[in-house]
Amino acid sequence: MINVPAEKISEMYDKVDRDLQNNIQSENLSTPRDLGEFRGEIPHDLDMLSNDDIANLMVKVQEYQRCVNSYLSDARNMKKVKQRILKGVKSAITIERGKEHVESDPRYIESDCALLYWEMKEEYLEDISKSASKSYQMISRLIALREQDLQQTTRREVFRKGGRKTYG
């Protein structure tokens with residue numbers, strides 16, 4: 001009879017998160033602990049940036065979001081594969097050993113850990129994608145506000161020049 005001790009089950013599930021973090025770091029995705037080159041962060045002095053700097057930042061955020069969404073699609077696809085594998089493993093173990101032994105069988109636990117990994121990665125990437133989208137919206141809003149300010153300044157200037165009487 002194949003059984004996995006409770007300690008081993010815990011180790012197997014704990015390993016999923018460590019593997020996920022290592023994978024995310026190796027793919028150069030943003031985590032709260034990461035520093036360095038651009039990973040989707042918006043500078044604190046966003047409103048002080050020049051229009052050219054804001055346009056460049058907007059392009060970087062958009063490209064970053066595209067990259068994250070690509071990883072997200074991959075994670076969703078792998079999650080589907082792992083769900084099918086787990087279903088098959090569960091069925092095979094049930095036939096081989098009976099329903100009461102499925103969740104303690106190391107083959108089931110290994111497959112479940114693999115599925116858990118991709119579920120967690122999907123959630124993580126969804127959060128990063130949402131954050132990138134919000135950053136893009138914030139930059140877009142700043143551009144709109146600057147355009148409104150420019151239009152108001154132009155109107156005031158036209159009004160000021162057109163409102164004065166000139167005598168010749």
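Residues numbered from 1 in each chain as written. Predicted model: local features only at pLDDT ≥ 70, side-chain atom pairs only at ≥ 80, totals over all residues. Heavy atoms only, no water.

Visitor: Even after reading the chapter, I still don't get the overall build of the chain, so can you show me in this structure?
Guide: The number of helices and strands found in the chain is three helices and zero strands. Written out in order from the N terminus, the α and β elements of the chain read α-α-α. The buried share among the 168 residues of the chain stands at 31%. Look at the contacts in the chain between residues 6 or more apart in sequence, and 72% of them connect residues 24 or more apart. Carbon and sulfur atoms form 53% of the exposed surface of the chain, whose accessible area is close to 11700 Å². (Helix = DSSP H or I, 4+ residues; strand = E, 2+ residues; numbered from the N terminus. Buried < 20%, exposed > 50% of the residue type's maximum accessible area, 1.4 Å probe, protein only. Contact = heavy atoms within 4.5 Å. Areas by Shrake-Rupley, 256 points an atom, 1.4 Å probe, with all protein chains shown as cover.)

Visitor: Looking at this model, I keep getting lost on the environment of Arg 97. Mind explaining?
Guide: Within the secondary structure, Arg 97 sits in helix H2 (residues 51-97). A polar side-chain atom of Arg 97 sits 2.8 Å from a polar atom in the side chain of Asp 105. (Polar contact = N/O pair within 3.5 Å; in protein donor to acceptor, adjacent residues only side chain to side chain.)

Visitor: Help me understand the pattern of salt bridges in this model?
Guide: Working definition: two side chains of opposite charge can pair if their charged atoms are close together. Following the criterion strictly, the structure yields eight salt bridges and no others. For Arg 76, the salt bridge identified is with Glu 122, shortest N-O distance 3.1 Å. You can see Arg 76 sitting in helix H2 and its partner Glu 122 sitting in helix H3 (residues 106-163), a full 46 residues away along the chain. What makes Arg 76 partly exposed here is its relative accessible area of 34%. When the shortest N-O distance is used, the salt bridge between Arg 76 and Glu 126 registers 2.9 Å. Linking Arg 76 in helix H2 with Glu 126 in helix H3, this pair joins segments that are 50 residues apart in sequence. Connected through shared salt-bridge partners, Arg 76, Lys 79, Glu 122 and Glu 126 make up one network. (Salt bridge = Lys/Arg side-chain N within 4 Å of Asp/Glu carboxyl O.)

Visitor: I tried to follow the nonpolar core on my own but got confused; where do I start?
Guide: Grouped burial of nonpolar side chains is what soluble globular proteins tend to show. Core analysis: the biggest nonpolar cluster contains 16 residues, and Tyr 64, Val 68, Cys 113, Tyr 117, Leu 125 and Ile 128 have the highest contact counts within it. For this core, the elements supplying multiple residues, two or more each, are helix H1 (6-26), H2 and H3. Within the second largest apolar cluster, nine residues are counted, among which are Ile 42, Leu 57, Ile 139 and Leu 142. (Core = buried A, V, L, I, M, F, W, Y, C linked by side-chain atoms within 4.5 Å.)

Visitor: Help me understand the packing of aromatic side chains, please; the structure alone is not making it clear to me.
Guide: One pair of aromatic rings is described through two measures. These are the centre distance and the angle between the planes. Applying the stated criterion across every chain yields a total of one aromatic pair. With centroids separated by 4.9 Å and ring planes inclined at 80 degrees, the aromatic side chains of Tyr 117 and Trp 118 adopt a geometry described as edge-to-face. Look at Trp 118 and you get buried, because its relative accessible area is 15%. (Phe/Tyr/Trp six-rings, centres within 6.5 Å; stacked < 30°, edge-to-face > 60°.)

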